Amino acid sequence: MPELPEVETLRQDLAKEVVGRKIRAVAVANGRSVRRHQSAKHFRALLEGRTIKAVGRVGKYLLMTLDSGDVLVIHLGMSGQLFRVRDGKEPKPKHTHVVIAFHQGGELRYVDPRTFGELFVSAAPKGVPPELDHLGFDPLEDPMSWERFALLLRAHHCGLKALLMNQQFVAGIGNLYSDEILFASGLRYDRLSDSLSTTEVRRLYRAMVETLTEAVKHRGSTLADEQYRDLFGEVGEYQGQHQVYDREGQPCRRCRNPIVRVKTGGRSTFFCEHCQV
DNA sequence: ACGCCCGCCTGTAAGC
DNA sequence: TGCTTACAGGCGGGCG
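Residues numbered from 1 in each chain as written. Chains lettered and ligands numbered in written order. Predicted model: local features only at pLDDT ≥ 70, side-chain atom pairs only at ≥ 80, totals over all residues. Heavy atoms only, no water.

Caption draft 1: Representation of the pairing of strand S2 (residues 52–58) in the model. Sheet analysis places S2 next to strand S3 (residues 61–66), joined by 6 bridges and oriented antiparallel. Looking at the pairing, Val-58 lines up with Tyr-61 of S3. With antiparallel pairing between neighbouring strands as the criterion, S2 and S3 make up a hairpin whose turn holds 2 residues, including Gly-59 at a positive phi of roughly 60 degrees. (Pairing = 2+ DSSP bridges. Helix = DSSP H or I, 4+ residues; strand = E, 2+ residues; numbered from the N terminus.)

Caption draft 2: Expanded view of the pairing of strand S6 (residues 96–102). With respect to burial, S6 is a largely interior element, 7 of its 7 residues being buried. Looking at chain direction, strand S1 (residues 23–28) and S6 are connected through 5 bridges and run antiparallel. Looking across to S6, one finds that Val-28 is bridged to Val-98. Where S6 lies against strand S7 (residues 107–111), 5 bridges are found, and the strand directions are antiparallel. Bridging across to S7, Val-98 finds its partner in Tyr-110. Between S6 and the antiparallel strand that follows it, S7, lie 4 residues; Gly-105 among them carries a positive phi value of about 100 degrees. (Buried < 20%, exposed > 50% of the residue type's maximum accessible area, 1.4 Å probe, protein only.)

Caption draft 3: Up close: the pattern of salt bridges. Taken as a whole and assessed by the stated rule, the structure comprises 18 salt bridges. One salt bridge connects Glu-118 with Arg-36, and the closest N-O pair in it is separated by 2.7 Å. In this pair, Glu-118 sits in strand S8 (residues 118–122) while Arg-36 sits in the loop between S1 and helix H2 (40–47), placing the two residues 82 residues apart along the sequence. Take Glu-118: its relative accessible area is 11%, and that puts it in the buried class. (Salt bridge = Lys/Arg side-chain N within 4 Å of Asp/Glu carboxyl O.)

Caption draft 4: Structural context of the protein's contact with DNA strand C. Lining the immediate surroundings of DNA strand C are 18 residues, of which His-75, Phe-116, Tyr-245, Arg-261 and Lys-263 lie closest. When the atoms of DNA strand C within 4 Å of the protein are grouped by moiety, sugar and phosphate amount to 60% of the total. Lys-60 is positioned with one of its side-chain polar atoms (N or O) 2.9 Å from a phosphate oxygen of DNA strand C. Between His-75 and DNA strand C, the recorded distance is 2.6 Å, taken from a side-chain N or O atom to a phosphate oxygen. Those elements that provide at least two residues to the surface near DNA strand C are strand S9 (260–264) and strand S10 (267–271). Of the residues in the surface near DNA strand C, the class split is 6 nonpolar, 6 polar and 6 charged. (Near = heavy atom within 4 Å. Polar contact = N/O pair within 3.5 Å; in protein donor to acceptor, adjacent residues only side chain to side chain. Nonpolar A, V, L, I, M, F, W, Y, C, P; charged D, E, K, R; others polar.)

Caption draft 5: Highlighting the nonpolar core. Among the nonpolar cores identified, the biggest contains 38 residues, and Phe-149, Leu-153, Ile-173, Ile-181, Leu-204 and Met-208 are the most heavily contacted of them. Taken together, the elements giving at least two residues each to this core come down to helix H3 (146–154), helix H4 (160–165), helix H5 (175–185), helix H6 (198–217) and S10. The greatest single-element share of this core, amounting to 7 residues, is contributed by H6. Core analysis: the next-biggest nonpolar cluster, separate from the first, contains 27 residues, Val-7, Leu-66, Leu-76 and Leu-82 among them. (Core = buried A, V, L, I, M, F, W, Y, C linked by side-chain atoms within 4.5 Å.)

Caption draft 6: Quick peek at the side chain of Arg-247. Relative to the elements of secondary structure, Arg-247 occurs in the loop between H6 and S9. Although buried, Arg-247 forms no salt bridge, and the nearest oppositely charged side chain, Glu-180, lies 7.4 Å from it. From its side chain, Arg-247 meets the backbone oxygen of Gln-243 in a polar contact 2.9 Å long. Those residues in contact with Arg-247, other than ones at most four positions away along the chain, are His-242, Cys-252, Arg-253, Ile-259 and Phe-270. (Lys, Arg positive; Asp, Glu negative; His and termini not counted. Contact = heavy atoms within 4.5 Å.)

Caption draft 7: Structural view of the protein's contact with DNA strand B. Every residue close to DNA strand B is listed here: Arg-32, Lys-94, His-95, Pro-113, Arg-114, Thr-115, Phe-116, His-156, His-157, Cys-158, Gly-159 and Ala-162. Backbone sugar and phosphate groups make up 70% of those atoms of DNA strand B lying within 4 Å of the protein. In the model, a phosphate oxygen of DNA strand B is placed 2.6 Å from a nitrogen or oxygen of the His-95 side chain. With respect to DNA strand B, the side chain of His-156 contributes an N or O atom lying 2.5 Å from a phosphate oxygen.

Caption draft 8: Quick look at the sheet that holds S2. Pairing within the open sheet is antiparallel, and its 4 strands lie in the order S2-S3-S4-S8. Looking at strand neighbours, the two that pair on one side only are S2 and S8, the edges of this open sheet. Direction aside, the axes of adjacent strands within the sheet are offset by 20 degrees on average. Of the pairings in the sheet, the one linking S3 to strand S4 (residues 71–75) comprises 5 bridges and is antiparallel in character. From the neighbouring strand, Thr-65 faces S4, where its bridge partner is Val-71. Running at roughly 170 degrees to S2, helix H1 (residues 4–18) makes contact with S2 and S3 of the sheet. Strand contacts of H2: S3, S4 and S8, with the helix running at about 60 degrees to S8, the strand carrying the most contacts. (Axes fitted to C-alpha atoms, helices over the stretch in contact; angles between N-to-C directions.)

Structure, rendered in structure tokens:
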């Protein structure tokens, strides 16, 4: 379940691996992954012959800027994976839906069992795809003052977890990192966003930036299902640092009380009843 | 305006 | 043992 740290890890590796490479051919094996285009042929035509100039990220979206000015947008959804393969003859994993082959050899493969993810090419007139206009600020790319963050929080009246996971408010945080951020903040998932003291606002902002930064340093989280793999097929290292996520019944690393799991909105939330108020 | 639920999907694992 | 069911959850959309 790639969230900001996993996507940022991919972005950093992609920047080293594919910038400057010219696309020789694109193969689409499953049209569901390129839903926004009239046809897979149209999608391919916008990519073939183009050179990748830069790799960016907004929230959970990867942005590959092409020499045409267009941007290849990749969203991994729940189960999407990107693999850089040197030899195209290597056996393809099941659910390999899109293959981007380069002139200089090798290819980039998009694999996605649950097909919640998607790829599309955006005209991006201002360099930023208008399809992503709805996204809120990126916690690592768009730093802001505590005062401004406090204003944004107070503009809403909803539970902190729901707000952190709302991509229109802040882009890139999902179920796993929202729980970790709230533990690091010492705040409960159901605290209302307009009820925080100045100190709590600062703790939340600081925890958000620090938790995500630390997770990027550890190359993201790979859970028991081993769903997340990096560009080279390796697992992340941040799962060992988790304080609450997927730790139901295990002792809180801070106070030793058992971590509690509750269902909210059909999703699991993990937290410490003692450390989070 | 937000909470809540569904549908989209497949792989895994628990339960009967 | 083998089938069924639940669960995992990002995101958009519908409903209350």
